Amino acid sequence: MNHVERVLVIDDDPTSIFLTTRILKSMGIGEQTQTARNGLEGLELFKEAVAQNRVPQLVLLDLKMPVMDGFGFLAELEKLGSESLAQAKVVLLSSSQNPWEMEKAKKYVAAAFCHKPLTKEKLQRVLDTAR
């Protein structure tokens, strides 16, 4: 994947957001990083970005959140149309080892499924597969 400037991190855990943004910075990724505490906030930020023609190149999405979970976000994201989705690489993040989540994730447009905690190595593997 080419240089990633625009990143959207959607996670309800402040510690996860902090660690994720530190990883991004240490990798020189995401000069324009936005964060959201749930899928609904993330969806609003994504829609604003689409309207401004600044679609995030990378979306790091937690699956378990209040208000709207990651699967709800993905379902709504798919309604926006394939043009917006083609520009964004969505990476699902979960601390769960439940195989049901991984199976359900396959139904949505997502580039990868990563178990938390996110590491530089895991993120680099995802980015390398997007080239």
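The paragraphs below set out a description of the structure included in this document. (Residues numbered from 1 in each chain as written. Predicted model: local features only at pLDDT ≥ 70, side-chain atom pairs only at ≥ 80, totals over all residues. Heavy atoms only, no water.)

Quick look at the pairing of strand β4 (residues 89-94)
Side chains on a regular strand alternate between the two faces of the sheet. Most of β4 sits inside the fold, with six of its six residues counted as buried. Inspection of the sheet shows strand β3 (residues 58-62) paired to β4 by five bridges, in the parallel sense. Across the sheet, the residue bridging to D62 is L93, located in β4. Pairing of β4 with strand β5 (residues 112-115), which is carried by four bridges, proceeds in the parallel orientation. Within the sheet, the bridge partner assigned to V91 lies in β5 and is A112. Taking the sense of rotation as the criterion, the β-α-β connection linking β4, helix α5 (residues 99-105) and β5 turns out right-handed. (Buried < 20%, exposed > 50% of the residue type's maximum accessible area, 1.4 Å probe, protein only. Helix = DSSP H or I, 4+ residues; strand = E, 2+ residues; numbered from the N terminus. Pairing = 2+ DSSP bridges. Right-handed = clockwise from strand over helix to strand, strands pointing away.)

A few points about the sheet that holds β4
As summarised here, the arrangement of the five strands in space is β2-β1-β3-β4-β5, forming an open sheet in which the pairing is parallel. Each of the sheet's edge strands pairs with one partner strand only, and the pair in question is β2 (32-36) and β5. Here the average twist between neighbouring strands, direction ignored, is 20°. With four bridges joining them, strand β1 (residues 6-10) and β3 adopt parallel strand pairing. Looking at the pairing, I10 lines up with L61 of β3. (Axes fitted to C-alpha atoms, helices over the stretch in contact; angles between N-to-C directions.)

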